[in-house]
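Residue-level listing of the chains:
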Amino acid sequence: MSTAVAEFKPSEKLIKTRNIGISAHIDSGKTTLTERILFYTNKIHAIHEVRGKDGVGAKMDSMDLERERGITIQSAATYCQWKDHTINIIDTPGHVDFTVEVERSLRVLDSAILVLCGVAGVQSQSITVDRQMRRYNVPRVAFINKLDRTGANPFRVIDQLKEKLKHNAVPVQIPIGLENDLKGIVDLVKMRAFYFEGKDGMDIQEKDIPDDLKELAQKKHEELLDAASMFSDELTEALLEGTPTEEMIKRAIRTGTIELKLTPVFMGSAFKNKGVQKLLDGVLDYLASPVDVKNKALDQANNEEMIVLESNFEKPLVCLAFKLEDGRYGQLTYVRVYQGKLSKGMTIYNMSSNKKHNIGRLCRMHSDEMEDIDYAEAGDIIALFGIDCASGDTFTDGKIKVSMESMFVAAPVISLTIEAKESKHLANLAKALNRFTKEDPTFQTHVDQESGQTIIKGMGELHLEVYIERMKREYGVELITGAPQVAYRETITTKADFDYTHKKQTGGQGQFGRVAGYMEPIPLEESLNYDFVNKVVGGSIPREYIQSVDKGFKSCLERGSMIGFPIIGVRCVINDGAYHDVDSSDMAFQIAGRYAFRQGFNKANPQILEPIMKVEVDGPSEFQGAILGSLNQRRGMILNTTEEDSYCKTEAEVPLADMFGYSTVLRSSTQGKAEFSMEFSRYAPVPRNVAEELMKKYKVHQKDED
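Calculation rules
Residues numbered from 1 in each chain as written. Predicted model: local features only at pLDDT ≥ 70, side-chain atom pairs only at ≥ 80, totals over all residues. Heavy atoms only, no water. Phe/Tyr/Trp six-rings, centres within 6.5 Å; stacked < 30°, edge-to-face > 60°. Helix = DSSP H or I, 4+ residues; strand = E, 2+ residues; numbered from the N terminus. Buried < 20%, exposed > 50% of the residue type's maximum accessible area, 1.4 Å probe, protein only. Polar contact = N/O pair within 3.5 Å; in protein donor to acceptor, adjacent residues only side chain to side chain. Salt bridge = Lys/Arg side-chain N within 4 Å of Asp/Glu carboxyl O. Pairing = 2+ DSSP bridges. 1 Å grid on protein atoms, 1.4 Å probe; cavity = no way out; pocket = protein on both sides within 12 Å on 5 of 7 lines; lining within 4 Å. Points joined across faces, edges and corners; volume = space filled by probe spheres on them. Nonpolar A, V, L, I, M, F, W, Y, C, P; charged D, E, K, R; others polar. Domains from an automatic or database assignment. pLDDT = per-residue confidence, 0-100. Contact = heavy atoms within 4.5 Å. Axes fitted to C-alpha atoms, helices over the stretch in contact; angles between N-to-C directions.

*Asks:* Would you mind showing me how to read the packing of aromatic side chains here?
*Replies:* Note on aromatic pairs: each is described by the distance of the centres and the angle between the planes. Scanning the model with the defined rule gives 14 aromatic pairs in all. Here the aromatic rings of Phe266 and Tyr286 are separated by 6.1 Å at their centres, their planes lie at 40°, and the arrangement is tilted. With Phe266 in strand 11 (residues 263-267) and Tyr286 in helix 10 (residues 276-286), this residue pair connects regions lying 20 residues apart in the sequence. The class of Tyr286 is buried, set by a relative accessible area of 3%. Measuring from ring centre to ring centre gives 6.0 Å for Phe532 and Phe553, while their planes differ by 65°; the resulting arrangement is edge-to-face.

Laid out in structure tokens, this is it:
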């Protein structure tokens, strides 16, 4: 008699869970919005501002540095309850220097709120964040914030969402008044007006739509129905019969949002406490629960075949460590549970290192505070104590062998030499570097073998500045820093042959190996650093030595002969060679490969490449001339300038080498009214005069070391 396997029905708890991130450009109001959400969901009992004069600062900016600078540096996790739903929230930084914080948060979230400034609209970092959301297929709603500010225009921002980000953006609300007259919003699904009154906007009044907005509301309501009906036959039929219900409209919008084909747009002002509660309703109505999202893993027991994980607590455990923090009580590991159940005292296995760990303490996080819990199920985001692992490691209960795909980590573009002022601080410096490199994959450190100096690398000046400051505050290490160094690269521009014979005969066994072939440039758009092609026929180099030649080539990639930086974009093809029965060896062919590479490299018109940054400057139009001048002086190539409501936005490509100290220059030339953001765009050849200068410096440096 066959027994039917009961199909797993997701629990109500799971359906009523939302894992969301709040992402945006710098200063769009992410942390202020999170602060309001926590206040309205009774997680905190008083509102504190980001740059608060009360000396408390926002709850989610728990680091002193964050409070002083008024920026978010680390993503902070918290959870709250709204209308019997659990919402896990991660507030992420806006600065591109801390892009890995956004990356790792989006990796484990089911959906997100994209916050946009009602005045500035879609800015450079909004585009980066949106690209990250697409990379992980994260459904999102947009929230147009700061509608209380002069020059706010939500409909212009919606147009930018469509043009710049290619979103099918549809407003689900329109504002009642703008700038100083912002009073509330009109809900286009319910077709009712909502006013946020009383202290902190707690008293929500539902009224009829004001007469002067009826026509606009009706027009936008029809546009919304039109867009939503594309995702629901039920709604299309109801529209033809003229009886669509509120629930039908919401279901259709939700379907479109989760399929990433629709972006509902909410409006308000977090600072003025208007529209936040309705945005929370929107999170419940339109964003995905863990059940709605497909999470995949690679089955290690079956040739890394892709499998889909189920948000089912009865299945074997699979969870991902996405963020590490060194807290007062040791390492804190933030974990997202995708499948199964995690409980105190349980043994879990790290799929990367095959180590096993016992879980002693499980916590739910609220910024820098924690609440102990006994267990966590699929869909939860929690923290574990005392587990030694790296960011991106997968854990299971040992019943299955799977690993989650890890996240994308950008390569650092800037480096600094550092040394401790006093030798007694060396132990603490080592501790700090060990911790920070573990916590942040884009912060890297190594010791230069030739000079013996410690070098730190990161995503920008601010990134390294923050870590230097943290070493001083958290570890008491005063540092002396060298001049920032740009991550140059070397490459070749033409095809060149090489043919090198390595012979050494000095008593006993000699060394012999001949390597011949050619090298050619790999186009930059292929973004391949190195490619090895074996075209040797007839056994002129025995098969066991082919690998040795490749090793020899690879050892040359670390330092180019022009300025000592890594070599990229080289394809090496070997097609001939010779060997000796007695004198040939692995080492002989490695050395032959090394010299053959250098021979070919020097003949192939080598060239120095430099990182080019995409820079976006926003400021009042009266300073447009000063802004353009400041970029032109820095070898900047202006891509685009737009002017709206006495504000101008300039986009340019500028070499990173010329961007050091730019913030000071920009502030002084615009009376502190302009701001800029930059992110890595691509590598490009340096002009001849700059190349000559770099090569001269390198030769002097080499002589000094000799």
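*Asks:* Can you help me understand the environment of Glu679 in this one?
*Replies:* Relative to the assigned elements, Glu679 resides in strand 38 (residues 675-685). Taking the C-alpha atoms as reference points, Glu679 and Ile612, separated by 67 residues in sequence, lie 8.8 Å from one another.

*Asks:* Teacher, can you tell me more about the side chain of Thr263 here?
*Replies:* Within the secondary structure, Thr263 sits in strand 11. Engagement of the side chain of Thr263 in a polar contact is seen with the side chain of His167, the distance being 2.8 Å.

*Asks:* I keep staring at the pattern of salt bridges and nothing clicks. Help me out?
*Replies:* Side chains that carry opposite charge are capable of pairing whenever their charged atoms lie near each other. All chains considered together, the criterion is met by 37 salt bridges. Put simply, Lys278 and Asp281 hold a salt bridge, and the shortest N to O gap is 3.7 Å. Here the residue Lys278 and the residue Asp281 both occupy positions in helix 10, the gap between them amounting to three residues, near one helical turn. On the accessibility criterion, Lys278 (11% relative accessible area) is buried. When its relative accessible area of 14% is taken as the criterion, Asp281 is described as buried. For Lys315, the salt bridge identified is with Glu310, shortest N-O distance 3.0 Å.

*Asks:* Could you clarify how one ought to interpret the pairing of strand 37 (residues 647-655) in this entry?
*Replies:* Consecutive side chains of a regular strand alternate in pointing toward one face of the sheet and then the other. Of all nine residues that make up strand 37, eight are buried, and the element is covered over most of its length. Bridging between strand 35 (residues 606-620) and strand 37 involves nine bridges; their strand directions are antiparallel. Paired with Met613 across the two strands is Val654, which belongs to strand 37. Relative to strand 37, strand 36 (residues 637-644) is paired through seven bridges, and the arrangement is antiparallel. Looking at the pairing, Glu644 lines up with Tyr647 of strand 37.

*Asks:* Can you walk me through empty space enclosed by the protein in this structure?
*Replies:* Rolled over the atoms, a probe sized like a water molecule indicates the empty space that remains. Scanning the entire structure with this criterion turns up four cavities of 30 Å³ or more. Here the largest cavity defines a volume of roughly 70 Å³. As for the largest cavity, its lining consists of Ala77, Thr78, Tyr79, Asn88, Ile89, Ile90, Tyr334, Arg364, Met365, Ile381, Ile382 and Ala383. Elements represented by at least two residues in the lining of the largest cavity include exactly strand 2 (76-82), strand 3 (85-91), strand 19 (362-366) and strand 22 (381-385). Residues that form the lining of the largest cavity fall into these classes: nine nonpolar, two polar and one charged. Residue contributions to the lining of the largest cavity reach at least three from each of two domains, namely domain 1 (12-286) and domain 2 (295-404).

*Asks:* I'm lost on the confidence of the model for the chain in this one. Help?
*Replies:* Low pLDDT marks regions whose predicted coordinates should not be analysed in detail. Chain-level pLDDT for the chain is 83 on average; 89% of the residues reach the 70-or-more range. When the criterion is pLDDT under 50, residues 1-6 qualifies, and its contacts beyond four places in sequence or with other chains add up to zero contacts. Segment residues 51-57 is flagged for pLDDT under 50; beyond a separation of four residues in sequence, or across chains, it makes 10 contacts in the model.

*Asks:* Before we go on, may I ask you to explain the sheet that holds strand 10 (residues 203-207) in this structure?
*Replies:* Backbone hydrogen bonds hold the strands of a sheet together, and the pairing may be parallel or antiparallel. With antiparallel pairing, the four strands of this open sheet are ordered in space as 7-8-9-10. With partners counted over all chains shown, the strands left at the sheet margins are strand 7 (173-176) and strand 10, one partner each. The mean angle between the axes of side-by-side strands here comes to 25°, regardless of whether they run parallel or antiparallel. Alignment of strand 7 against strand 8 (residues 184-187), held across four bridges, turns out to be antiparallel. Residue pairing for strand 8: Ile176 is matched across the bridge by Gly184. Sheet strands touched by helix 10: strand 7, strand 8, strand 9 (192-197) and strand 10. Its angle to strand 9, the strand with the most contacts, is close to 125°.

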